[in-house]
Amino acid sequence: MTAWSLVYEKFDPDSEGLREALCTLGNGYFATRGAAPEAEAGAVHYPGTYLAGGYNRLTTEIAGRPIENEDLVNFPNWLPLTFRIARGKWFNLLAVEILSYRQELDLKRGVLLREVRFRDKQGRQTRLTNRRLVHMGNPHLAAMETTLTAENWSGQAEFRSALDGRVVNAGVERYKNLNSKHLKPLETGAIGEDSIYLKVQTTQSEIRMAQAARTQVFQDGDPVEVERRTIRETGYIAQQFSVNLREGIELSIEKVVTVFTSRDFAVSECGLQARDTLSRAGRFPDLLESHTLSWEHLWRRFDIEVTQASGSRTEMILHLHLFHLLQIASMHTIDLDAGIPARGWHGEAYRGHVFWDELFIFPLLNLRVPEITRALLLYRYQRLDEARAGARKAGYRGAMYPWQSGSTGREETQQVHLNPRSGRWIEDNSCRQRHVNAAIVYNIWQYYQTTRNMEFMALHGAEMILEIARFWASIATYNADRDRYEILGVMGPDEYHDGYLNGESGGVNNNAYTNIMAVWVICRALETLDLLRRVRRARFRELWEKLELSQEEIDHWQELSRKMRIVFHEDGIISQFEGYEQLEEFDWEGYKKKYGNIHRLDRILEAEGDTPNRYKASKQADLLMLFYLFSSEELGQLFEQLGYPFEYETIPKNIEYYMKRTSHGSTLSRVVHSWVLARSDRARSWQLFNEALESDIADIQNGTTAEGIHLGAMAGSVDLMQRAFTGLETRGDVLRFNPCLPEELTRLCLQIRYRRHLMEIEISHTEVKIRTVTGSPGPVKIGFRDQVCELREGETKEFPLSGAHEPNG
C-alpha cells in the first residue's frame with residue numbers, strides 16, 4: 001500500500017459492491033461505479049452510471065396509497081466489453097481458476113486498473129489487464145483499455161462491446177419494491193465501421209442522454225482490422241468481432257465513450273454532439289495523458305501532506321476521501337445546476353438527494369476552490385422560490401428549505417421508509433429537520449468570511465439569509481408565561497426522536513441546537529443588513545423593498561435574538577430538547593450483547609415494537625454540533641445575549657454527557673465527536689478520527705457503502721486535519737490558528753486560498769510556519785492564539801509552540 005493507491009490483492013465476490021462504490025470514477029458531470037467491464041447487475045456486481053442532477057420521478061402504490069419518489073437515475077451502462085475464447089462461454093471470473101488478481105485505484109492519476117491471470121477448464125492460461133478513466137479535463141469523455149495475452153495457447157477470441165440502456169435502478173435492496181424503470185429508449189445506430197451510439201430519455205423529467213462508443217483493436221501497438229457484427233435490441237446496441245490471438249502477443253481493445261445530455265450548454269442535439277465529439281477524440285494513451293494532467297492540477301490545490309510515525313494508511317485514506325470529493329465537486333461543477341448529494345454520484349442510496357452534508361464539505365472547497373462552493377450555493381439560490389412556497393404551505397413566512405432536495409428544491413423526503421429488520425413501512429418524519437436552513441446560512445456566511453465575495457453576498461447570499469431569518473422568526477412562538485420564544489414540533493440532527501410518547505404533537509420542542517442556530521441566523525441577518533447598508537446601499541434598498549422588510553420586523557428579530565428559550569437539566573446540562581431529561585436511560589450494554597452492532601438502534605427498537613422516543617439515546621451528535629461549529633467565545637456571546645450561563649465547564653460536561661448516549665448511527669457522528677475532543681482528550685479524538693477514516697473503506701455500517709459513499713464523513717475527516725488539528729478559523733477579518741497536532745502526527749502541510757491570498761501552512765509539534773506565496777494587494781491578518789499580525793505577499797511568519805495547549809474553544 002502507498003499513500004496514492006487503494007489496492008485489492010484478491011477477488012472477493014462478497015465485497016464487490018463495496019469495491020465498486022469505492023472505485024467509482026467521475027468528473028463532477030457524471031460518475032461510473034468501478035464494476036468490471038464484463039460484469040452484469042446481479043448478486044455480485046452492480047454497474048451504475050449517474051449524471052450530476054440527473055433525477056426522475058416515479059409513483060408506486062405502497063400500503064394502499066400512491067407514493068411518488070424522485071430518484072437519481074441509473075443511466076445507460078457504457079462499460080460492457082467482454083470476450084470468450086474459442087466460442088466458449090463469455091468471460092466470468094466465477095467460472096475460471098484465478099491464478100493472480102490485483103485491482104488498484106490510482107488516486108494520483110484517477111485511473112482504475114485491474115490485472116488478472118486465470119486458467120479456464122481447458123487449461124488455457126491468459127493474462128487480462130484493464131485500465132479505465134472518466135476524463136477530468138473533458139467532462140463528456142471516458143475511456144477504457146482491455147489487454148489480453150494468451151500465455152500458453154493460440155486461437156480465436158471473440159469480443160463484444162456494447163452500450164446498454166436496459167438498466168433499471170436496483171442498487172438499494174430496500175427500494176426494490178418501488179418502481180425502478182426510469183429510462184425509455186429512443187434511438188440506436190452504428191457510426192462508420194468501429195462506433196455505435198445509443199440515446200434514451202427519462203420517463204418524467206425528460207432528460208435525454210446520448211452515448212457514443214468507438215471500439216478499436218491493436219496488436220503490439222498496431223491497428224487490427226476486424227469484421228464486425230452489430231447486435232440491436234430495444235435500448236441496447238453492441239458490436240461483436242473475432243481476433244486470432246498468438247501465444248505471448250498482447251492484444252489491446254480500446255473503447256472511447258462520449259456522454260451528452262439535452263441539458264448541456266453549446267449543444268444542438270445531444271446525439272449529434274456525442275457522435276461529433278467521438279470523431280474528434282484521441283486514443284486511450286492521449287486521453288490518459290491529458291486526464292492525468294487535470295488531476296495533477298487538482299492535487300496541487302487540494303493535497304494535504306501528513307507525516308506520521310508509522311505507516312501510510314492514514315494519508316492514503318485522506319487521499320481517497322479527497323479523490324471522491326473532487327469527483328463530485330470538480331471544476332465542471334461550476335457550470336452545473338446540481339447540489340452536493342450525501343452519498344455522492346456513486347450509487348442510489350438516499351436517492352441521490354441533497355441534505356445538510358455540505359456543512360461538512362464546503363470548508364475544504366472554500367479554502368481551495370471557492371468558485372465551486374459558489375456554484376453549489378447557487379443551487380440553493382435557484383430554489384429560493386420553492387423554499388418560499390414550502391414555507392407558505394407550512395404556514396410560515398420567508399424561505400423554508402427542504403430536508404431532502406433534488407431537481408426543483410421541493411421536499412423530497414420520503415413519506416414512508418422500509419425498516420429491513422421488521423419488513424414494515426414506517427412513517428418518515430425526518431422532514432421536520434428544519435435545521436437544514438441554518439446550515440445553508442452557515443455555509444453562506446463561511447464562504448463570505450473566507451472569500452469576502454461581496455458581489456455574491458449582495459446578489460444572492462443576502463437574500464437567502466434574510467428569507468431564512470424571516471422563516472425562523474415566523475416558526476418561533478412567544479410564551480408569555482416565560483417571556484421567551486420557542487420553536488415547537490421539529491427534529492434535531494439526532495433523528496432518533498421524532499416526537500413524544502404521548503403523541504401530543506409531531507416532532508420535539510425547543511431542540512437546543514435548532515433554537516441556538518435560529519438565533520445565530522437572525523444575528524447574521526441583522527449583520528448582513530448592516531453590511532449592505534454600509535457598502536452596497538443601492539442593493540440594501542432593493543432588497544428592503546423586494547422583501548417588504550419593515551423596521552417593526554427588524555425589531556422583532558432583535559427581540560427574538562435575545563429571548564429564545566434554551567432548556568437545561570436540573571444539574572445544568574443543556575437539554576437536547578424539552579423533556580429529554582425525563583426520558584428513560586437506555587440499556588446500552590444489554591443491547592450490545594444482544595445485537596452486537598447497534599448503530600441503527602431505531603430499526604432494532606421498531607422491530608421490537610418499541611421506539612427511541614422513550615430513551616436518552618441519540619443516533620448522532622445533536623447538541624454537540626454547536627461545539628463543532630462555533631468557538632467557546634462565540635457560544636459564550638450567544639448564551640450571554642440570551643441571558644443564560646455559559647461557564648468554563650459547560651463544553652466538557654455536555655460532551656461527556658451526550659457521548660455516553662450516542663450510538664453513532666451516522667458516519668458524521670464520529671467526525672463531530674473527534675472534533676470536539678481534539679483539545680480536551682486527544683487520545684479519544686484520534687481514535688474517533690481513525691474510526692471516521694474507516695467509515696467507508698471498511699464499511700463499518702455493514703453494507704451501506706456499496707449503495708454509495710458517505711461524502712460528508714469523507715470530507716469531514718479531511719477537514720479534521722485541515723481545521724481541527726490546525727485550529728484554523730476564519731472569523732471576522734482574521735485567519736486564526738491554534739494548533740493541537742495529535743501525537744501520532746509529526747508534521748502537517750497544506751496550501752490554502754484565503755481572500756485571494758495563496759498560503760502555505762506547515763505545522764509541527766514545535767512551530768507553525770505560514771507563508772504567503774501570492775496574493776492580492778494589501779496584507780492578510782493572521783491570528784495565532786492571542787496574537788494578531790499582518791502578512792504580506794512573499795512573507796513568512798513562524799510561531800513557536802511551547803507549553804500546554806489552551807482548552808478547547
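Coordinates for the structure precede this section.
Participant: Please explain the overall build of the chain as it appears in this structure.
Facilitator: Secondary structure summary: the chain contains 20 helices and 32 strands in total. Against the 2.2 N^0.38 benchmark of 28 Å for 809 residues, the chain shows a C-alpha radius of gyration of 28 Å, consistent with a compact globule. Principal-axis analysis of the C-alpha atoms places the extent of the chain at approximately 90 × 70 × 60 Å. The buried share of the chain, reckoned over its 809 residues, is 62%. Excluding contacts between residues fewer than 6 apart, the proportion of contacts in the chain whose partners are at least 24 apart in sequence is 68%. When the accessible surface of the chain is split by element, carbon and sulfur atoms take 44% of a total near 30,400 Å². Charge separation in the chain, taken as the distance between the mean sites of 98 positive and 112 negative side-chain charges, equals 2 Å.

Participant: Help me understand the nonpolar core in this model?
Facilitator: Generally speaking, a soluble globular protein has its nonpolar side chains buried in company with each other. Trp356, Trp472, Trp557, Met759 and Ile782 are the most contacted members of the largest nonpolar core, which has 232 residues in total. It is helix H10 (residues 512–535) that contributes the most residues to this core, 15 residues altogether. With residues near it in sequence (within four places) discarded, tryptophan 472 still touches Arg434, His435, Asn437, Ala438, Ile487, Thr514, Ala518, Val521, Ile522 and Leu560. In terms of nonpolar packing, the next biggest core, distinct from the first, is built from 17 residues, Ala212, Phe260, Leu278 and Leu288 among them.

Participant: Please clarify how the packing of aromatic side chains should be interpreted in this entry.
Facilitator: To describe a pair of aromatic rings, one takes the distance between the centres and the angle between the planes. For the structure on display, the rule yields 39 aromatic pairs. Taking the centre distance of 5.1 Å and the plane angle of 55° together, the rings of tyrosine 478 and tyrosine 485 count as tilted. Exposure remark for tyrosine 478: the relative accessible area of 42% places this residue in the partly exposed category. In this arrangement the basic side chain of arginine 166 is found over the ring face of tyrosine 236, its NZ or CZ atom lying 4.1 Å from the centre. Geometry around tryptophan 445 places arginine 524 over its ring, the cationic atom sitting 5.6 Å from the centre.

Participant: Explain the pairing of strand E19 (residues 250–261) here, please?
Facilitator: Residues in a regular strand point their side chains to alternate faces of the sheet. Burial of E19 is extensive: 11 of the 12 residues sit out of reach of the surface. Across nine bridges, the pairing between strand E11 (residues 141–150) and E19 is antiparallel. Within the sheet, the bridge partner assigned to methionine 144 lies in E19 and is lysine 255. In the sheet, strand E15 (residues 208–219) pairs with E19 via 11 bridges, with the strands oriented antiparallel. Following the sheet pairing, glutamine 219 is matched in E19 by leucine 251.

Participant: Would you mind showing me how to read the sheet that holds strand E25 (residues 729–731) here?
Facilitator: In a beta sheet, neighbouring strands are held together by backbone hydrogen bonds and run either parallel or antiparallel to one another. Reading across the sheet, the four strands line up as E25-E26-E30-E31 and stay open at both edges, with mixed pairing between neighbours. Every other strand in the sheet has two partners, leaving E25 and strand E31 (787–791) as the edge strands with one partner each. In this sheet, neighbouring strand axes are inclined to one another by 30° on average, regardless of whether the strands run parallel or antiparallel. The pairing of strand E30 (residues 780–784) with E31 spans five bridges and is classified as antiparallel. Of the residues in E31, the one forming a bridge with glycine 783 is valine 788.

Participant: Even after reading the chapter, I still don't get the packing of helix H18 (residues 667–676) against helix H20 (residues 711–724), so can you show me in this structure?
Facilitator: Think of two packed helices as two axes; the pair is described by the angle between the axes and how far apart they sit. It is at 8 Å that the axes of H18 and H20 come closest, and there the two elements cross at 10°. Classified by the angle between their axes, H18 and H20 sit roughly parallel to one another. Taken together, the residues of H20 that come into contact with H18 (itself represented by Thr667, Leu668, Val671, Ser674 and Trp675) are Gly712, Ala713, Gly716, Ser717, Asp719, Leu720, Arg723 and Ala724. Classifying every residue of the contact of H18 with H20 gives six nonpolar, five polar and two charged.

Conventions adopted
Residues numbered from 1 in each chain as written. Predicted model: local features only at pLDDT ≥ 70, side-chain atom pairs only at ≥ 80, totals over all residues. Heavy atoms only, no water. Helix = DSSP H or I, 4+ residues; strand = E, 2+ residues; numbered from the N terminus. Rg over C-alpha atoms; globule rule 2.2 N^0.38 Å. Buried < 20%, exposed > 50% of the residue type's maximum accessible area, 1.4 Å probe, protein only. Contact = heavy atoms within 4.5 Å. Areas by Shrake-Rupley, 256 points an atom, 1.4 Å probe, with all protein chains shown as cover. Lys, Arg positive; Asp, Glu negative; His and termini not counted. Charge placed at Lys NZ, Arg CZ, Asp CG, Glu CD. Core = buried A, V, L, I, M, F, W, Y, C linked by side-chain atoms within 4.5 Å. Phe/Tyr/Trp six-rings, centres within 6.5 Å; stacked < 30°, edge-to-face > 60°. Lys NZ or Arg CZ within 6 Å of the ring centre and 35° of its normal. Pairing = 2+ DSSP bridges. Axes fitted to C-alpha atoms, helices over the stretch in contact; angles between N-to-C directions. Parallel < 35°, antiparallel > 145°, perpendicular 65-115°, else oblique. Nonpolar A, V, L, I, M, F, W, Y, C, P; charged D, E, K, R; others polar.

In short, shape yes, function no, at least from these values alone.
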